[in-house]
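If you want the building blocks of each chain, they are given just below.
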Amino acid sequence: WESSPKAFLFSLKNYVGQVPIKMIQNGDSPEAVFHSPSNGPTFGVNNDINVGQNAISNDNYTDIGETYKCPRGQDGTTFLTGEQNFQVEEIEVFLVDEGNAGNV
């Protein structure tokens, strides 16, 4: 696990049809992101978003709310995909380079 005080999750499109949303951390978590060669990307101490080793299976799940703030009035297990477990069609992970923020 690694801390990343500026880490956040965002959704451009989600199951509930909410406008694009940024989900910040509930504080400075020492477990913002998990790196492992035998697993996909994992975000949050209680696996707010977990993509397993076989991303096209249904072993991936979401439970937003432990490390990252779930949008008010939404269920952290269903608002992104409609169900807690999901199959990955596409995933993108971005790095924000603040030093080049003006150079798009």
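Reading the values: the criteria
- Residues numbered from 1 in each chain as written.
- Predicted model: local features only at pLDDT ≥ 70, side-chain atom pairs only at ≥ 80, totals over all residues.
- Heavy atoms only, no water.
- Helix = DSSP H or I, 4+ residues; strand = E, 2+ residues; numbered from the N terminus.
- Rg over C-alpha atoms; globule rule 2.2 N^0.38 Å.
- Buried < 20%, exposed > 50% of the residue type's maximum accessible area, 1.4 Å probe, protein only.
- Contact = heavy atoms within 4.5 Å.
- Areas by Shrake-Rupley, 256 points an atom, 1.4 Å probe, with all protein chains shown as cover.
- 1 Å grid on protein atoms, 1.4 Å probe; cavity = no way out; pocket = protein on both sides within 12 Å on 5 of 7 lines; lining within 4 Å.
- Points joined across faces, edges and corners; volume = space filled by probe spheres on them.
- Phe/Tyr/Trp six-rings, centres within 6.5 Å; stacked < 30°, edge-to-face > 60°.

> I'd like a rundown of the overall build of the chain, residues and numbers included.
From N to C terminus, the chain includes zero helices and seven strands. Starting at the N terminus, the α and β elements of the chain follow one another as β-β-β-β-β-β-β. Its C-alpha atoms give the chain a radius of gyration of 14 Å, near enough to 13 Å, the size a compact globule of 104 residues would have. Expressed as a percentage of its 104 residues, the buried residues of the chain come to 31%. Long-range contacts, defined as pairs at least 24 residues apart, comprise 51% of the intrachain contacts of the chain with a sequence gap of at least 6. Within the structure as shown, the chain displays about 7,000 Å² of accessible surface, and the carbon and sulfur contribution to it stands at 49%.

> Run through the layout of surface pockets, naming residues and quoting values.
A probe matching the size of a water molecule, rolled over the atoms, marks out where space remains unfilled. Approximately 1,500 Å³ is the volume found for the largest pocket. Forming the boundary of the largest pocket are 37 residues, of which Phe10, Ile49, Ile91, Glu92 and Val93 lie nearest the centre. At the level of secondary structure, the elements contributing two or more residues to the lining of the largest pocket comprise β1 (9-11), β3 (33-34), β4 (42-43) and β7 (85-86). For the lining of the largest pocket, the element with the highest residue contribution is β1, accounting for three residues.

> An account of the packing of aromatic side chains is needed here, citing residue identities and associated values.
This model, assessed by the stated rule, comprises two aromatic pairs. With a centroid separation of 5.1 Å and 45° between ring planes, the pair formed by Trp1 and Phe34 is classed as tilted. With Trp1 in the segment before β1 and Phe34 in strand β3, this residue pair connects regions lying 33 residues apart in the sequence. On the basis of relative accessible area, Trp1 is assigned to the partly exposed category, the value being 40%. When its relative accessible area of 27% is taken as the criterion, Phe34 is described as partly exposed.

> Give a description of unusual backbone geometry that names residues and reports values.
Most of the time, phi is negative for any residue but glycine, and the peptide bond is trans. Of note in the backbone geometry, Asn47 takes a positive phi value of approximately 60° without being a glycine. Relative to the assigned elements, Asn47 resides in the loop between β4 and β5 (49-50). Accessibility expressed as a relative area gives 18% for Asn47, which makes it buried.

> Describe the environment of Gln84, listing the residues and the values that go with them.
Relative to the helices and strands, Gln84 resides in the loop between β6 (60-62) and β7. Classification of Gln84 as partly exposed rests on a relative accessible area of 33%. Sequence-distant contacts of Gln84, that is, excluding residues within four places in its chain, are made with Asn60, Tyr61, Thr62, Asp63, Thr77 and Thr78.

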